[in-house]
Amino acid sequence: MATNTQPAGVPNDLGLHVPIPNITSGTGELTPSEMVAINYKYAKYYREGNFDALMNECMVDVPVYEYFPNRIRLTGKLALRRNFEVKHKGFVDIIDQGRPEVRYCTFGENCYAAEFSIAMPMPDGTRMRWHKFALIPFRQRRMVGEIVYNDSFFAERLEKMMTQDFLSTPGVERF
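Computed from a predicted structure; not experimentally measured.

A. Quick peek at the pattern of salt bridges. Counting across every chain of the model gives 11 salt bridges. Here Arg141 makes a salt bridge to Glu34, at a shortest N to O gap of 3.1 Å. Note that Arg141 is positioned in the loop between strand E6 (127-139) and strand E7 (142-150) and Glu34 in helix H1 (residues 32-48), a separation of 107 residues in sequence. Residue classification places Arg141 among the partly exposed positions, given a relative accessible area of 42%. Since its relative accessible area comes to 28%, Glu34 is described here as partly exposed. The residue Lys160 makes a salt bridge to Glu156 at a minimum N-O spacing of 3.9 Å. Of the two residues, Lys160 and Glu156 are both situated in helix H5 (residues 152-161); the distance of four residues between them amounts to about one turn of the helix. On the basis of relative accessible area, Lys160 is assigned to the exposed category, the value being 63%. It is possible to trace a salt-bridge network through shared partners that takes in Asp52, Arg81, Arg82, Glu85 and Asp165.

Quick look at the structure:
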């Protein structure tokens, strides 16, 4: 895996900036820049609530997401769409105001891994930076999904959104 901690380039229109190593080819299907471009497109559609475009342009036919420590797996577009709807509504207060930053990233042949940090609202009205680490695999120039490791603050908030109604969605399971 190639790594880089030196920032390069400029942030995209979402205010995210991913340090990209100077790798232009390899044995993988995508370069780091191409992986980040797909992920930026995904983030933009998510922020806009445009889940149809997100799934049709950015995701493989059968995406898979896993959330830790919650141990929730989403398989397929129905489960993923329901997840996006629930999380988008549940995190509306940080979608535009969270000031996300990528603290570290690394790239493999067909994957991108990064530690993200966002200023999350706390119950007392203050904001605290929470962190997640996401591994994002790619296939056929699309995201396969994400394996996400959340800190305890985010995992607790996510857990409150994972109601029985959500958990009964086909393709959603606890493991």
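B. Inspection of the confidence of the model for the chain at higher detail. Overall, the predicted model of the chain reaches an average pLDDT of 81, with 78% of residues at or above 70. For the stretch residues 1-11, pLDDT sits under 50, and the model shows 28 contacts to residues farther than four places along the chain or on other chains.

C. Quick peek at the environment of Tyr104. As for its position among the elements, Tyr104 is in strand E4 (residues 101-107). Its relative accessible area of 31% is what places Tyr104 among the partly exposed residues. As for Tyr104 and Glu115, which are separated by 11 residues in sequence, their C-alpha atoms are 5.3 Å apart.

D. Structural view of the packing of H1 against helix H2 (residues 51-58). Running from amino to carboxyl end, H1 crosses H2 at an angle of 165 degrees, the nearest separation of the two axes being 8 Å. Relative to H2, the element H1 lies roughly antiparallel. Between H1 and H2 lies a crossing whose hand is left-handed. Touching Ile38, Lys41, Tyr42, Tyr45 and Tyr46 of H1 are Phe51, Ala53, Leu54, Glu57 and Cys58, all from H2. Among the residues making up the contact of H1 with H2, the classes are represented as eight nonpolar, no polar and two charged.

E. Representation of the nonpolar core. Among the nonpolar cores identified, the biggest contains 43 residues, and Tyr65, Leu74, Phe84 and Tyr112 are the most heavily contacted of them. With seven residues, H1 is the largest single contributor of residues to this core. If we ignore the near neighbours within four places in the chain, the residues touching Leu74 are Pro63, Val64, Tyr65, Tyr67, Ala79, Leu80, Asn83, Phe166, Gly171 and Val172.

F. Representation of H5 in the model. Along H5, the residues classified as buried are Phe154, Ala155, Arg157, Leu158 and Met161. Each buried residue of H5 sits inside an arc of 165 degrees when the element is viewed along its axis, so together they form one side. Projecting away from the buried face of H5 at angles above 90 degrees are the exposed residues Ser152, Glu156 and Lys160. Capping of H5 at its N-terminal end is provided by Asp151; its side-chain oxygen lies 3.2 Å from the backbone amide nitrogen of Phe153.

G. Structural view of unusual backbone geometry. Each neighbour pair has its own omega, and for Phe68 with Pro69 the value is 5 degrees, a cis peptide bond. Positive phi outside glycine occurs at Gln140, with the angle close to 55 degrees. Within the secondary structure layout, Gln140 lies in the loop between E6 and E7. The class of Gln140 is exposed, set by a relative accessible area of 58%.

H. Here's a closer look at the packing of aromatic side chains. Applying the stated criterion across every chain yields a total of 10 aromatic pairs. On the basis of an interplanar angle of 25 degrees and a centroid distance of 5.8 Å, the ring pair of Phe51 and Phe84 is categorised as stacked. Here Phe84 lies in helix H3 (residues 77-90) and Phe51 lies in helix H2, a separation of 33 residues in the sequence. Residue classification places Phe51 among the buried residues on the basis of a relative accessible area of 8%. For Phe84, a relative accessible area of 1% puts it in the buried group. Considering the side-chain rings of Phe107 and Tyr112, the 5.1 Å spacing of their centres and the 5 degrees angle between planes classify their relative orientation as stacked. Taken together, Tyr42, Tyr46, Phe51, Tyr65, Tyr67 and Phe84 form an aromatic cluster joined through their ring pairs.

Rules of the game
Residues numbered from 1 in each chain as written. Predicted model: local features only at pLDDT ≥ 70, side-chain atom pairs only at ≥ 80, totals over all residues. Heavy atoms only, no water. Salt bridge = Lys/Arg side-chain N within 4 Å of Asp/Glu carboxyl O. Helix = DSSP H or I, 4+ residues; strand = E, 2+ residues; numbered from the N terminus. Buried < 20%, exposed > 50% of the residue type's maximum accessible area, 1.4 Å probe, protein only. pLDDT = per-residue confidence, 0-100. Contact = heavy atoms within 4.5 Å. Axes fitted to C-alpha atoms, helices over the stretch in contact; angles between N-to-C directions. Parallel < 35°, antiparallel > 145°, perpendicular 65-115°, else oblique. Left-handed = near helix turned anticlockwise from the far one by under 90°. Nonpolar A, V, L, I, M, F, W, Y, C, P; charged D, E, K, R; others polar. Core = buried A, V, L, I, M, F, W, Y, C linked by side-chain atoms within 4.5 Å. Arc of directions from axis to C-beta. Polar contact = N/O pair within 3.5 Å; in protein donor to acceptor, adjacent residues only side chain to side chain. Phe/Tyr/Trp six-rings, centres within 6.5 Å; stacked < 30°, edge-to-face > 60°.

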